[in-house]
Amino acid sequence: MELSFLPRFPLALSQPILFGALLAAGLLAGEAINRYASLPRITGYALAGVALGPQVSGLLGADALQTLRVLIDLSLGLIVFELGFRLDFGWLRLNRWLLVTAIAESVFSFCAIYASLRYFEFGPLLAASAAAIGTGTSPAVVLLVAHELRAEGQITERMLLFTAVNSVIAYVALTLLLPFLHFEHEAAWQEALLHPLYLLGGSALLGVAACAAMLRLARWLGKREDRQFVLLVAMVVLTVGAARSLNLSVVIALVMLGMLSRNLDYRHALMPLRFGYGGQLFFVILFVLTGASLQFDALWTSGLVVGTFIVVRFLGKALAILLFGYPSGVRPGGAGLLAIALLPMSGLAVVMVHDTAALYPSFGKDLSSVVLSAVAVLELLGPLATQFALRRAGETDPGRHGA
Amino acid sequence: MPEAIPADEMQFKPSAHASIGIELELQLVRAHDLDLGRDVGDLLARLDKRKLPGAVKPEITESMIELNSGVHLRYASLRDELRVMRDAVVREAGVLNLRVSGGGSHPFHDWADRRIYPTERFRSILERYGFLAKQFTVFGQHIHVGCPGADAAVHLVHMMTRYVPHFIALSAASPFYQGEDTSFQSSRLTAVSAFPLAGHMPFVRDWAEFLEYYGKMRGFGIVASMKDFYWDIRPKPEYGTIEIRVCDTPLTVERAALLAAYAQALVAYHLAERPREPSRATYLVNAFNRFEASRYGCAGELVEPYERRKVKIGDDILSTIQTVMPHAVRLEAGDALAELAAGVRGGNSDAAWQRARYAEAGSLVDVVREASIAWAGGRDRR
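The structure presented is a predicted model; accordingly, all values stated were derived computationally and were not measured. (Residues numbered from 1 in each chain as written. Chains lettered and ligands numbered in written order. Predicted model: local features only at pLDDT ≥ 70, side-chain atom pairs only at ≥ 80, totals over all residues.)

### Structural notes on the overall build of chain B
Each helix and strand in chain B was counted, giving 14 helices and 13 strands. For 382 residues, the compact-globule estimate of 2.2 N^0.38 gives 21 Å, and the C-alpha radius of gyration of chain B, at 20 Å, lies within 12% of that figure. Overall size of chain B, expressed as C-alpha extent along the three principal axes, is 55 × 45 × 40 Å. (Helix = DSSP H or I, 4+ residues; strand = E, 2+ residues; numbered from the N terminus. Rg over C-alpha atoms; globule rule 2.2 N^0.38 Å.)

### Some words on the overall build of chain A
Secondary structure assignment for chain A yields 19 helices and zero strands. The C-alpha atoms of chain A give a radius of gyration of 21 Å, which matches the 22 Å a tight globule of 403 residues would have. Taken along the three principal axes of its C-alpha coordinates, chain A extends 80 × 55 × 55 Å. Within chain A, the proportion of its 403 residues that are buried is 52%. (Buried ≥ 20, exposed ≤ 12 C-beta atoms within 10 Å, placed from the backbone.)

### Observations concerning unusual backbone geometry
Residue and element names in this part refer to chain B. The residue Leu34 is not glycine, and still its phi comes out positive at about 65°. Along the chain, Leu34 turns up in the loop between strand 1 (20-30) and helix 1 (40-48). We classify Leu34 as buried; it has 27 C-beta atoms within 10 Å. One non-glycine residue with positive phi stands out, namely Arg274, at about 40°. As for its placement among the helices and strands, Arg274 is situated in the loop between helix 9 (253-273) and helix 10 (281-296).

### Observations regarding the interface of chain A and chain B
Each partner contributes residues to the interface: chain A has 17 residues there, and chain B has 21 residues. Every element with two or more residues in the side of chain A that touches chain B is listed here: helix 5 (89-94) and helix 9 (154-176) of chain A. In terms of residues, the side of chain A that touches chain B owes the most to one element, helix 5 of chain A, which gives three residues. (Contact = placed C-beta atoms within 7 Å.)

### With respect to the pairing of strand 5 (residues 140-146) of chain B
All names here are of chain B. Here strand 5 lies mainly inside the structure; seven of its seven residues are buried. Of the two faces of strand 5, the one holding Gly140, His142, His144 and Gly146 and the one holding Gln141, Ile143 and Val145 are both buried throughout. Sheet analysis places strand 1 next to strand 5, joined by five bridges and oriented antiparallel. From the neighbouring strand, Ile22 faces strand 5, where its bridge partner is Ile143. The sheet contact formed by strand 5 and strand 11 (residues 241-248) spans six bridges and is antiparallel. Its bridge partner lying in strand 11, Gln141 is registered against Cys247. (Pairing = 2+ DSSP bridges.)

### Regarding the nonpolar core
A general feature of soluble globular proteins is that nonpolar side chains tend to end up buried together. The biggest cluster of nonpolar side chains holds 241 residues, and the ones touching the most others in it are A:Ala341, B:Ala260, B:Ala261 and B:Ala265. When sequence neighbours within four positions are dropped, the list of residues in contact with B:Ala261 reads B:Tyr75, B:Ala328, B:Ala333, B:Ala336 and B:Leu337. (Core = buried A, V, L, I, M, F, W, Y, C linked by C-beta atoms within 7 Å.)

### With respect to helix 14 (residues 364-375) of chain B
All names here are of chain B. With twelve residues, helix 14 ought to run about 16 Å at 1.5 Å a step, and its terminal C-alpha atoms sit 16 Å apart, in line with that. Burial analysis of helix 14 places ten of its twelve residues in the buried class, which makes it a mostly covered element. Within helix 14, burial applies to Leu364, Val365, Val367, Val368, Arg369, Glu370, Ala371, Ser372, Ala374 and Trp375. The elements touched by buried residues of helix 14 are strand 1, strand 4 (98-101), strand 6 (176-177) and helix 13 (350-361). (Expected span 1.5 Å × (residues − 1).)

### Re the environment of A:Phe89
Residue and element names in this part refer to chain A. Considering the arrangement of structural elements, one finds Phe89 in helix 5. We classify Phe89 as partly exposed; it has 15 C-beta atoms within 10 Å. The sequence separation of Phe89 and Met259 amounts to 170 residues, and the corresponding C-alpha distance is 8.7 Å.

### Topic: helix 8 (residues 207-219) of chain B
All names here are of chain B. Across its 13 residues, helix 8 extends 18 Å between first and last C-alpha, which sits within 8% of the 18 Å expected from 1.5 Å per residue. Within helix 8 the residues assigned to the buried category are Trp207, Phe210 and Tyr214. Seen from one end, helix 8 has its buried residues packed into an arc of 55°, which puts them on one side. Residues of helix 8 that are exposed and angled more than 90 degrees away from the buried face: Ala208 and Glu212. Check the buried side of helix 8 and you find it contacts helix 5 (150-161). In the stretch just after helix 8, Gly221 is the one whose phi turns positive, near 80°. (Arc of directions from axis to C-beta.)

Honestly, it's all geometry; don't read function into it.
Here it is, written out as structure tokens:
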């Protein structure tokens, strides 16, 4: 007898099941690694992703990762929004060395990576693209480590600011390389030239429009934290969705939204931002999915390249901060810690590689073998580095949190 | 048998007649969410490299910084020096993405988030007093007035106690605490009252009698130095002053200087005319008067201990200002007292200003931002 109300086997893996299972797996792995190995929870989230991903168990195949891309975009969108919201032009104006240091830090690490990859005889375009992606620090890692340790102080503030700046520079640099990529693949000149313009201009415009709408709505809602929280989430999700539908950049649109909401809010309609526990969900899911996207195979074949990539990237950042950090108010001894705190690479780099790969898969494959191997190392070691730096800087709160 | 007291510590060093100097505890506020920051170490390091009049010091938690003025004979020079110090602190704080604010309390910080500034003394206070130490993240103004001798200092402490409600009402700037409207004009004093050695100096007749009391307290092991008394007004032998400690830090340096001018004129009046002798009655009514002033400000009532009648604190301030005005004029502070009196008549106070900003903007975040702009002399960061 057939009972029509019973489900049919095998069960369909619906998105909610996947989402919940990933959250739970990440959470448990994070807690376990923190409890038994005293490592940052983020490392556990990422390891859970590695274990579930195509590299190990294959529970999360490449196609699953593609369908879950919307979750990555949402999480990354929220995170870069928060980071943009911390970027205060007022501070940059009062402390002009700050912007100099932030830009120098990006430029130095770009040049260092580019030169070293050229030395290993990679093509100029590949070297430049990898260097552009390597310029950026992982916004998710620095924000989550800062949250978890309840870190606050000058090193923490600068780490967040520099991460915001180098993430934007990384994205813009990679986008400006697009014409060369198109030319190399013999695309029409219209496509080559208009693509970056559309991406950067369109994303920025989207951010501006979303910001104008949000400020207006916030004024109308009034200063109630609960309502403003819902508004914020609504606008961020809406902007992420719009950016995806319009083939624009989620990162640029959301950084713009965050940055402009902070700096154009002359009437102070928006209240300070607190995502609280809700934000945690997106961090966990982002790190699990990033972990599942990591590639380790190239690590063995080109370990020297990856190692050099990581080292020169760090040296570039450290040199810039050592040179310009002091006039910008970094205390003696703080420059090195700041450079260490900026080590992590994670989801943002993965997204940039994937977006490039979607255009020209063969180029993307070369790119990912270099960059994603470095990300694999820095995804796992980066959180440790940031945690070490903030603790050593004395900016964490040992009293309330043992993380 | 009183214990031997180190001779130099309690040696009262007479100072210039009615000279003034102040200490101001200030709030360090993070620019991005206007909660208290904890960057005093970095700020002090930057200020160290600048040539400043006066001194800049850490206070019990890392969210506080203290300005100490030099010694001044005239109110105007004190005010000008404070402006110079304020400008330097605001500028260096800006480089570190911090705002600086006056006010007796931060309206919405969470006391448990505070971290003790790492010195041995502050750590021992945390160990001894537990959460009281972190809750002591309140911001006061201390006014020093020079005394010609030790006995005069004891006399003046008794006489000035009569005016404690004046100073509370005139400086009141802590209506909000831990995110709530306390209904008080100054909520800060309740944080001070929790300490076992808060209160007032005992009713001693002269310095010799005071030394005897102090020796006993040391003998009991209750205090180790004068610093352990958290009194409303205490003699400060090493400076040769009495120190009035009940004021909230006002929202501007200008008002801080006005309060010092008032204290100076009162002391000058009592030294020159000696209109009254100390009375125990002052201390009988003190707790009541103090409460009225913290709760209602100038609208509260105080009990006049010599005449045994109730009078509105605001009215009492106005009549007192009239009485001491000749001395203020002699000290070139006549306009300062006139300004204070006008404020009392107009019903203005820093606490009222803070409440008005809250009513206008609808959020305590805005109150802090506006207060930091007021502190910077009306200039915003943008």
